[in-house]
Amino acid sequence: MRRCRPPHRMRRRKSSGGASRSWAALAALPSAAPDAAAEELRRCVEELGCKGAILYGRVGEKNLDNAIFEPTFACAAELGVPLLIHPQLPQASVRDAYYTGFNAPIDLALSTFGLGWHFEAGIQFVRVVLAGVFDRYPNLQVILGHWGELVIFYLERLSMLDRVSGLQRNFVDYVRNNLYLTASGMFSPTYLQQAIDAVGSDRILFSTDFPYQYRPGGDARGFVDGLALGGAEKAKFAHENWERLCGSAPPRVLLGDSSSVREFDRFHESDS
């Protein structure tokens, strides 16, 4: 455990205008050590103020529904903090079967940011659902990036698993009650609307993917500003849903439609 605990410092910085800005963090866990992972999650939340944790999918050949993750799920549910499933490289056997045969750069790109990452993360969420994790921990919340890692686009098919799953609820109910979706720098109004249709406007989160999927010139700010949503809905997407999820909503007064964009600029914008 000591080796996975470098010095942590939660910092507050002063903006150029003199107002303080809070920087929230998610914990990184030693998932291969089940009890230590839960212990580290608790420490990071209770002592360091982290707002949840990142899970990087599998540990070796062990998927997220493996028993080694049970202490982490139980701890996150008890603490009331979300877990973000981050994409990772598919298994070597999967890469060899589906993502090779071109050249090294294309093989790598196809198995990662082109497609492989997103299938990998989406399948891990589906496995968590099918393993009954949300039946055991009904209040556990999971975040998927990239507008749901393909899951929301196949809900009609995934819902057919209800015929055989034996779960307490329908598949779509877990999506609508235990899942949050975030943009990860994919600034598509079409995908945003699909996400709202899938989980509702209270479960969408704004995020960039700096520095990887980054376009200069205020692109993130422009995306939120140009959305065909009312001020209240923009505020939810830009910051309020996250603040409610992690219990850090600051007091504020909203002044019409443009206020949500001003609050977004104040608390979240970093690319202008």
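## A few points about the overall build of the protein
Thought 1: Across its full length, the protein holds 14 helices and eight strands.
Thought 2: Residue burial in the protein is summarised as follows: out of 272 residues, 44% are buried.
Thought 3: Considering only contacts in the protein between residues 6 or more positions apart, those separated by 24 or more positions represent 69%.
Thought 4: When the accessible area of the protein is evaluated, it comes to approximately 14400 Å², of which 52% is carbon and sulfur surface.

## Side note on the sheet that holds strand S3 (residues 27-28)
Thought 1: Overall, parallel pairing links the six strands, which are arranged S3-S4-S5-S6-S7-S8 in an open sheet. Edge positions in the open sheet fall to S3 and strand S8 (204-205), since each of these has one partner strand only.
Thought 2: Here two bridges tie S3 to strand S4 (residues 53-55), and the two strands are oriented parallel to one another. For Ala-27, the partnering residue across the bridge sits in S4 and is Ala-53.
Thought 3: Helix H10 (residues 171-178) contacts strand S6 (142-144) and strand S7 (179-182) of the sheet and is inclined by roughly 65° relative to S7.

## As for the state of the cysteines
Thought 1: By the definition in use, this model includes zero disulfides.
Thought 2: Here Cys-50 is not disulfide-linked; the sulfur of Cys-44 is the nearest cysteine sulfur, at 4.6 Å.
Thought 3: Its relative accessible area of 7% is what places Cys-50 among the buried residues.

## Considerations on helix H2 (residues 70-79)
Thought 1: Of the positions making up H2, those classed as buried are Thr-72, Phe-73, Cys-75 and Ala-76. Down the axis of H2, the buried set is contained in an arc of 165°. They therefore lie on one face.
Thought 2: In the segment just after H2, Gly-80 is the residue with positive phi, at about 75°.

## Quick look at helix H4 (residues 104-114)
Thought 1: Those residues of H4 that sit buried are Asp-107, Ala-109, Ser-111 and Thr-112.
Thought 2: Where the residues of H4 are buried, they touch helix H3 (92-98) and helix H5 (116-130).
Thought 3: Structurally, the start of H4 carries an N-cap: the backbone nitrogen of Ile-106 is 3.0 Å from a side-chain oxygen of Asn-103.

## Section: the packing of helix H1 (residues 34-46) against H2
Thought 1: Where H1 meets H2, the closest approach of the two axes is 8 Å, and the angle between their N-to-C directions is 25°. Relative to H2, the element H1 is oriented roughly parallel. In terms of crossing hand, the pair formed by H1 and H2 is right-handed. Only Pro-71, Thr-72, Cys-75, Ala-76, Glu-78 and Leu-79 of H2 make contact with H1, whose side of the interface consists of Pro-34, Asp-35, Ala-37, Ala-38, Leu-41, Arg-42, Val-45 and Glu-46.
Thought 2: Of the residues contributing to the contact of H1 with H2, the split by class is nine nonpolar, one polar and four charged.

What counts, and at which threshold
For every chain, the first residue of its written sequence is number 1, and the numbers climb from 1 along that sequence. Predicted model: local features are reported for residues with pLDDT of at least 70 only, side-chain atom pairs are reported and counted for 80 or more only, and whole-chain, interface and lining totals are derived from all residues. For the side-chain quantities, the full set of heavy atoms in the structure was used; hydrogens and water were omitted. Helix numbering and strand numbering both begin at the N terminus, where a helix is a DSSP run of H or I of at least 4 residues and a strand a DSSP run of E of at least 2. Only protein chains enter the accessibility calculation, which uses a 1.4 Å probe; a residue is then buried when its area is under 20% of its type maximum, exposed when over 50%, and partly exposed in between. What makes two residues a contact is simply this: any of their non-hydrogen atoms within 4.5 Å. In these tables, accessible area is a Shrake-Rupley quantity obtained with a 1.4 Å probe, and a residue counts as shielded only by the protein chains included in the view. Here a strand pair is declared whenever DSSP counts at least two bridges between the two strands. Throughout, an axis means a line fitted to C-alpha atoms (over the contacting stretch in the case of helices), and angles, computed between N-to-C directions, take values from 0 to 180 degrees. When the sulfur atoms of two cysteines come within 2.5 Å, that pair is taken as a disulfide. The directions considered for the arc run from the helix axis to the C-beta atoms. In the analysis that follows, any N or O atom pair within 3.5 Å is treated as a polar contact, provided that within protein one partner can donate a hydrogen and the other can accept it, and provided that, for residues neighboring in sequence, both atoms belong to side chains. In this scheme, roughly parallel covers angles under 35 degrees and roughly antiparallel covers those over 145, while 65 to 115 is roughly perpendicular and the rest are oblique. Take the far helix as the reference: if the near one is turned anticlockwise from it by less than a right angle, the crossing is left-handed, and if turned clockwise, right-handed. Classification used: nonpolar for Ala, Val, Leu, Ile, Met, Phe, Trp, Tyr, Cys and Pro, charged for Asp, Glu, Lys and Arg, polar for all others including Gly.

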